[in-house]
Amino acid sequence: METHTIPDDLRPADYARLAREIQRAGAGPDRAPINIAFLSTFTLEFVNPFLVVEGARRGLWVASYFGGFGQFEQEIGSDTRLGQFAPDVLVLAMRPEDVDPDAAVRYYATDGRRFAERLQESIDRIGQLVKAFRQWSTAPVLVANFATPARLPLGIFDANVGEALTYAIQRANEELQRRVTSMAGVVLWDYAGLVRASGAGSWTDRRLWALGRIAVAAAHQPALARHLVRTVAGARQRPAKCLVLDLDNTLWGGVIGDDGVEGIKLSDDYPGNVYKGFQRAALSLKDRGILLAVVSKNDESVARQVFDEHPEMLIRWEDLAAARVNWNPKSQNLLELAEELNIGADALVLFDDNPVERAEARANAPAVGVIEVPADPLAYEEALWESGFFDQVSLSDEDRSRTEMYHAEQKRQTHAQRFDTVDDFLYSLEMVAAVGEAGPATIGRITQLVNKTNQFNLTTRRHTQTEIDAMARDPSQVVAWLRLRDRFGDQGLVAVGILRCEGRMGVLDTCLMSCRVMNRHVEEALLAYLAEHARRLGCEFLAGEYRPTKKNGMVRDLYPRLGFVPDGEVADGGCRYTLDLRRVTLAWPDVIDRQDAG
């Protein structure tokens, strides 16, 4: 069964049937296998067929393991059935009312102190469970936050009392969030948000709870699976980088070429306010680092009038990282857009109201993500949010300023035309590179680069945040980063190297760089810095590998260019190179000033 053939409106019997078909078909090119294990204070086995189907929607072939409810410590060891299952993701879910029912219901019997203590004990218990799990697995852990029960001790006036159960759970969730984000490879699953959005009053069926400790009513079980699978996918996969927008009947109502600037629907009244709301949603993506672009069949001079002249237009031309407004096929424009932005076509997501254009893009630019846009513009925002293409676990400074970085790069390219030689141009940039070792402030961005950089990446090895954090703490290893800025702006943290010492040999596990700083000698600066660390660790040689992929051909000759000599073949048709640190010094490039992090 193809993923896109799964209908949206399914009954429980449909889920059961489709789950059997998907499980029989097994994993394949459209569905990557993933083992998800659950440890919870309530029964979750019922969710399995929903997980299988919703996983298939997200390109995953899900196999599940469900521990006995409340059996956390008994299940967490490597020699248990959980260990034999070898989970790719572990989900921990504790409900406050399960941990101590009396403390939740009779909250004021102890002025709420006992309930608060139980919540803190649960948070501490989660920390210990993660620590025990880390003894034998580096798999991501999803921790469910605490949902507020539908029935509160003070009923509808619970929110009026500062020490009420409502606020006790809120404070506990804040503490849980702090604890979770301090642990590498652990992600908060917003179970509380799901319950709130679905309706806490109907979330639990009292009969199901009484009969089998099933905490989720049948009507909400598909939503639980959908939300969980989306969280799992978002924690494992990088978000798309660019939202590509159509114009007519997408950013505004009507056709600019026919209706003119005054005739399109864009205002604070219906239906124009619907399009303004969608524009705000798109801009919110830009605020967290998603690039905005436009691909439209129009005359550019006519279309730009809306951006430049319409008083209700929220997205301005300068908010766009790139645009293609012409009469060429959408697929052609999308592929050209990816090349201009120096990102893969699979990093683009198209939002176009026209089903014919969507079909053409799917057929001729199959790597591009395409959102199935509903016919009613009132549903545009929901379609954007629910697509899952832009789910991201963390947000870095580089993410927030990505559009500005692209505009700064355009200025650099214009500036470069003033110079006859590359060196003159590079000196004129006044580049400064800050270098340092991984720490709490940089580990997230380093993990992001390690898992998404494909082109300027010598080995394309992927590591989880947990693994990178462990490497950074190992005295025999170095996780190094480089951040670049110049006269046009801060490029952000753009290069990562991971080095380990093996006796006299320093081995480069990872050496990568963002393509936006190519041809500026940044890779030479990074390797010079790593060579210094290798010497400090007592290494006399430095070894690196080039493992060829479909995308990293540009770095094939990097090591030979810097004086490394071939030293045998490695897997995947690659080559190992070695540098004698006793005889060769990798020099820091003259065109870049150096700044060591304190």
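Note that this is a predicted model, so its numbers are computed, not measured.

Engineer: Quick one: what's the story with the overall build of the protein chain, residue by residue and with numbers?
Structural biologist: For the protein chain, the helix and strand inventory stands at 25 helices and 18 strands. Relative to a compact globule of 598 residues, whose C-alpha radius of gyration would be 25 Å, the protein chain shows 27 Å and is just as compact. Projecting the C-alpha coordinates of the protein chain onto the three principal axes gives extents of approximately 80 × 70 × 50 Å. Classification of the 598 residues of the protein chain by burial places 52% in the buried group. Put simply, of all contacts in the protein chain between residues at least 6 apart along the chain, 70% involve residues at least 24 apart.

Engineer: How would you summarise the sheet that holds strand 6 (residues 242–245) if you had to cite specific residues and measurements?
Structural biologist: Here we have five strands laid out as an open sheet, ordered 8-7-6-9-10, and parallel in their pairing. Each edge of the sheet is formed by a strand with only one pairing partner; in this case those strands are strand 8 (320–326) and strand 10 (369–370). Two strands pair when backbone bridges link them, and strand 9 (residues 348–351) and strand 10 are joined in this way by two bridges, in the parallel orientation. Bridge assignment links Val 349 to a residue of strand 10, and that residue is Gly 369. Contacts from helix 14 (residues 272–287) reach strand 6, strand 7 (291–297) and strand 9, with the element oriented near 155° to strand 6.

Engineer: Which residues make up the packing of helix 16 (residues 330–341) against helix 17 (residues 355–364), and what values do they have?
Structural biologist: The geometry of a pair of packed helices is captured by two quantities: the angle between their axes and the separation between those axes. Following both chains from N to C, one finds helix 16 and helix 17 inclined at 55°, their axes separated by 8 Å at the closest point. Classed by the angle they form, the pair helix 16 and helix 17 counts as oblique. In this structure, the crossing between helix 16 and helix 17 has a hand that is right-handed. Side by side, helix 16 and helix 17 meet where Lys 330, Ser 331, Leu 334 and Leu 335 of the first sit next to Glu 357, Glu 360, Ala 361 and Asn 364 of the second. Residue classes in the contact of helix 16 with helix 17 are distributed as three nonpolar, two polar and three charged.

Engineer: I'd like a description of the pattern of salt bridges, backed by residues and values.
Structural biologist: For the structure on display, the rule yields 51 salt bridges. Measuring nitrogen to oxygen at the nearest pair gives 2.9 Å for the salt bridge that ties Glu 73 to Arg 125. With Glu 73 in helix 3 (residues 72–75) and Arg 125 in helix 7 (residues 113–133), this pair connects stretches of sequence that are 52 residues apart. Note on Arg 125: relative accessible area 26%, which makes it partly exposed. Among the ionic pairs, Asp 580 bridges to Arg 582, the shortest N-O distance being 3.0 Å. Using a relative accessible area of 51% as the deciding quantity, one classes Arg 582 as exposed. By sharing partners, the salt bridges in this structure join Arg 504, Glu 540, Asp 580, Arg 582 and Arg 583 into a single network.

Engineer: For the sheet that holds strand 16 (residues 565–570), give the residues involved together with the corresponding values.
Structural biologist: Taken in spatial order, the eight strands line up as 16-17-15-14-13-12-11-18 in an open sheet, and their pairing is mixed. Each of the sheet's edge strands pairs with one partner strand only, and the pair in question is strand 16 and strand 18 (592–596). Geometrically, the sheet is characterised by an average inter-axis angle of 25° between neighbouring strands, direction not taken into account. When strand 13 (residues 489–502) meets strand 14 (residues 505–513), the two strands line up antiparallel, connected through eight bridges. Among the inter-strand pairings, Ala 495 is bridged to a residue of strand 14, identified as Met 513. Taken strand by strand, helix 20 (residues 402–416) contacts strand 12 (477–486) and strand 13, and its axis lies near 100° from that of strand 13.

Engineer: Let's hear about a nonpolar patch on the surface: which residues, and what values?
Structural biologist: Judged by side-chain polarity, Tyr 108, Leu 154, Ile 156 and Phe 157 come together as a nonpolar surface patch covering roughly 440 Å² of accessible area. Inspection of the secondary structure puts Tyr 108 in the loop between helix 6 (101–105) and helix 7. With a relative accessible area of 32%, Tyr 108 lands in the partly exposed category.

Engineer: Describe unusual backbone geometry, and please don't skip the residues or the numbers.
Structural biologist: The omega torsion of the bond from Tyr 270 to Pro 271 falls at 5°, within 30 degrees of zero and hence cis. Mapped onto the elements, Pro 271 comes out in the loop between helix 13 (256–263) and helix 14.

Engineer: Before we move on, can you summarise the packing of aromatic side chains with the specific residues and values?
Structural biologist: Counting across every chain of the model gives 18 aromatic pairs. Aromatic pair Tyr 107 and Phe 115: ring centres 5.6 Å apart, planes at 75°, arrangement edge-to-face. The exposure class assigned to Tyr 107 is buried, which follows from its relative accessible area of 2%. An aromatic cluster is built from Phe 42, Trp 189, Tyr 191 and Trp 203, whose rings are joined through pairwise contacts. When the ring centre of Phe 42 is taken as reference, the NZ or CZ atom of Arg 95 above it lies at 5.8 Å. The aromatic ring of Trp 588 is capped on one face by Arg 594, whose charged end is 5.0 Å from the ring centroid.

Engineer: Kindly report on the state of the cysteines, identifying the contributing residues and their values.
Structural biologist: If you walk through the whole model with that rule in mind, you get zero disulfides. Not engaged in a disulfide, the cysteine Cys 242 finds its nearest cysteine sulfur in Cys 515; these two sulfurs lie 16 Å apart. Assessed through its relative accessible area of 0%, Cys 242 is described here as buried.

Engineer: Requested: an account of the nonpolar core, with residues and values cited.
Structural biologist: Judged by nonpolar contacts, the single largest core of 46 residues is most densely connected at Leu 482, Leu 484, Leu 527, Leu 542, Leu 586 and Trp 588. Beyond its immediate stretch of four places on either side in the chain, Leu 527 contacts Leu 508, Cys 511, Leu 558, Tyr 559, Leu 562 and Leu 586.

Calculation rules
- In every chain, residue numbers begin from 1 and rise along the written sequence.
- With pLDDT at 70 or above as the cut-off, local features in this predicted model cover only qualifying residues; side-chain atom pairs require 80 or more to be listed or tallied, and sums for whole chains, interfaces and linings still use all residues.
- Side-chain measures were taken over the full set of non-hydrogen atoms in the model, leaving aside hydrogen atoms and water.
- Only runs of H or I of at least four residues qualify as helices and only runs of E of at least two qualify as strands under DSSP, and these elements are numbered from the N terminus.
- Our radius of gyration is a C-alpha quantity, and the globule rule it is checked against amounts to 2.2 Å times the number of residues to the power 0.38.
- Remark: exposure states derive from per-residue accessible area (1.4 Å probe, protein chains only) relative to the maximum for the residue type, with buried under 20%, exposed over 50%, and partly exposed in between.
- We call two residues in contact whenever any of their non-hydrogen atoms come within 4.5 Å of each other.
- By definition, two strands form a pair when at least two bridges between them are found by DSSP.
- Axis lines are fitted through C-alpha atoms, for helices just across the contact stretch, and the angle between N-to-C directions can take any value from 0 to 180 degrees.
- Here roughly perpendicular refers to angles of 65 to 115 degrees, roughly parallel to angles under 35, roughly antiparallel to angles over 145, and oblique to all remaining angles.
- Should the near helix be turned anticlockwise from the far one by less than a right angle, the crossing is termed left-handed; should it be turned clockwise, right-handed.
- Amino acids outside the nonpolar list (Ala, Val, Leu, Ile, Met, Phe, Trp, Tyr, Cys, Pro) and the charged list (Asp, Glu, Lys, Arg) are all regarded as polar, and Gly is one of them.
- Throughout this description, the term salt bridge denotes a Lys or Arg side-chain nitrogen within 4 Å of a carboxyl oxygen of Asp or Glu.
- The patches reported here contain residues having more than 30% relative accessible area and no salt bridge. Joining distances are 9 Å for like charges and 5 Å for nonpolar side chains (Val, Leu, Ile, Met, Phe, Trp, Tyr).
- Exposure was quantified through the Shrake-Rupley algorithm and a 1.4 Å probe, taking into account, for residues, occlusion by the shown protein chains and nothing else.
- When two rings of Phe, Tyr or Trp (its six-membered ring) have centres within 6.5 Å they constitute a pair, described as stacked for plane angles under 30 degrees, edge-to-face for angles over 60, and tilted for the intermediate range.
- Comment: the charge-over-ring label is applied if NZ (Lys) or CZ (Arg) is within 6 Å of the ring centre and within 35 degrees of the ring normal.
- The term disulfide is used for any two cysteine sulfur atoms that are within 2.5 Å.
- Residues enter a nonpolar core if they are buried and are Ala, Val, Leu, Ile, Met, Phe, Trp, Tyr or Cys, with the set joined through side-chain atoms within 4.5 Å.

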